[in-house]
Amino acid sequence: MGERTALVRRPSPRLGDGIVTHIERRPVDAALAARQHETYVAALESAGWRVRWLPPADDLPDGVFVEDTVVVCDDLAVLGRPRVPERVEEIPSMEGTVAELGLEVTRIDEGFLDGGDVLQVGNTVYAGRSARTNEDAICQLTRQVATRGRRLVPVALNDCLHLKTAMTALPDGSLIGVPELVDTSALPYLRVAQESAGAHVVVLGEKQVLVGASAPRTADQLTAEGYDVTVVDIGEFEKLEGCVTCLSVLVP
Ligand SMILES: CN(C)C(=N)NCCC[C@H](N)C(=O)O
């Protein structure tokens, strides 16, 4: 802890068998995915994040989307509880890793929670009500993050996989995303991303962000605003409804 650690897992050669819900399945080039992942990890490292590899899970096609397996809030790690059976086996290796990092590990005992539905901005934790994350889990998460001084705001989603499919935040805490995909009534101002992939921003530092190559207009706009923008192509992961946030858990 305190070392700006990025948790990642190498992509499975079976990535192409991962779950798709809202888009059509397309063939995945596993070798290209591996190269894209290397570039993504290198970008985290060059922004000063110490990379910690989770044990490989080559039999778990979605195992590379580590964001869904845990929510880290200060020294607390709340393990995800996948609704989809295919992803349940990803949790134990994340549990071991966050325990080794010295985080206090807790679980959700009822309901379902994917970390992709949880966006932390300052002392606010936004939690998406999705097909993967339900009310029982959100209630428990509310109590757990309250122990770290956080206030949870539930957010209803419109037909999208995860909250972070719809929106993320910039380093100054302002929200960016696709308003049609979220109930904005509980949110402060949600800036409209230039393209849907521009809803996915990873905050690497105070002025440093990472976005996917599928969001060129957002990248240009953020650059014009003075951000140091790293662009990575994660096209093979996008075929499985992944985005740049899903591929790591950043432990500040
Ligand atoms: C913010 N997002 C989108 C995520 N955190 N996770 C993406 C998981 C994709 C995987 N195929 C699945 O359907 O579970």
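Described in the following lines is the structure provided in the data block. Predicted model, so just to flag it, every value in this text is computed and none were measured. (Residues numbered from 1 in each chain as written. Predicted model: local features only at pLDDT ≥ 70, side-chain atom pairs only at ≥ 80, totals over all residues. Heavy atoms only, no water.)

**Points about the overall build of the protein**
To keep things clear, this is the line we draw: Helix numbers and strand numbers start at the N terminus; a helix is a DSSP run of H or I with at least 4 residues, a strand a run of E with at least 2. We compute the radius of gyration from the C-alpha atoms alone; for a globule the expected value is 2.2 Å times N to the 0.38, where N is the number of residues. Type-normalised accessible area, obtained with a 1.4 Å probe on protein chains alone, sets the label of each residue: buried when under 20%, exposed when over 50%, and partly exposed for intermediate values. We call two residues in contact whenever any of their non-hydrogen atoms come within 4.5 Å of each other. Each accessible area is a Shrake-Rupley estimate made with a 1.4 Å probe; only the visible protein chains count as cover when residues are assessed. Note on charges: Lys and Arg go in the positive column, Asp and Glu in the negative column, and His and the chain ends are not counted at all. A charge is said to be at NZ when it belongs to Lys, at CZ for Arg, at CG for Asp and at CD for Glu.
Looking only at helices and strands, the protein features 6 helices and 15 strands. For the protein, whose C-alpha radius of gyration is 16 Å, the value lies close to the compact-globule estimate of 18 Å for 252 residues. Dimensions of the protein along its principal axes, counting C-alpha atoms only, are 40 × 40 × 40 Å. Buried residues in the protein amount to 55% of all 252 residues. Counting only contacts in the protein whose residues sit at least 6 apart along the sequence, the fraction spanning at least 24 positions is 69%. For the protein, the accessible area works out to roughly 10500 Å², and carbon and sulfur atoms hold 50% of it. Side chains of the protein carry 24 positive and 38 negative charges; the gap between the two charge centres is 2 Å.

**Here we look at the sheet that holds strand β14 (residues 228–232)**
Test applied: One bridge is not enough; two strands pair if DSSP finds at least two bridges between them. Only the stretch in contact is used when a helix axis is fitted, and all axes are lines through C-alpha atoms; the angle between N-to-C directions ranges over 0 to 180 degrees.
Within the open sheet, the 3 strands sit side by side as β12-β13-β14. Their pairing is mixed. At either margin of the open sheet sits one strand with a lone partner, and together these are β12 (202–203) and β14. Direction of pairing for strand β13 (residues 208–212) relative to β14: parallel, over a ladder of 5 bridges. Paired with L210 across the bridge in β14 is T230. Across the face of the sheet, helix α5 (residues 216–224) comes into contact with β13 and β14 while running at roughly 165° to β14.

**Focus on the layout of surface pockets**
Condition: Put plainly, a pocket is an open set of points on a 1 Å grid over the protein atoms alone with protein on both sides within 12 Å along at least five of seven lines, a cavity is a set where a 1.4 Å probe fits but cannot get out, and a lining residue has an atom within 4 Å of a point. Grid points are joined across faces, edges and corners, and a volume is the space filled by probe spheres set on the points. All amino acids are sorted into three groups, where Ala, Val, Leu, Ile, Met, Phe, Trp, Tyr, Cys and Pro are nonpolar, Asp, Glu, Lys and Arg are charged, and the leftover types, Gly among them, are polar.
One number sums up the size of the largest pocket: a volume of about 890 Å³. Residue lining of the largest pocket: 35 residues in total, with V72, Q120, V203, L250 and P252 positioned closest to the centre. Listed by contribution, the elements that provide at least two residues to the lining of the largest pocket are β3 (70–73), β6 (118–121), β9 (167–169), β12 and β15 (249–251). Within the lining of the largest pocket, the residues separate by chemical class into 20 nonpolar, 9 polar and 6 charged. Reported here for the second largest pocket is a volume of approximately 350 Å³. Residue composition of the lining of the second largest pocket, grouped by class: 7 nonpolar, 6 polar and 4 charged.

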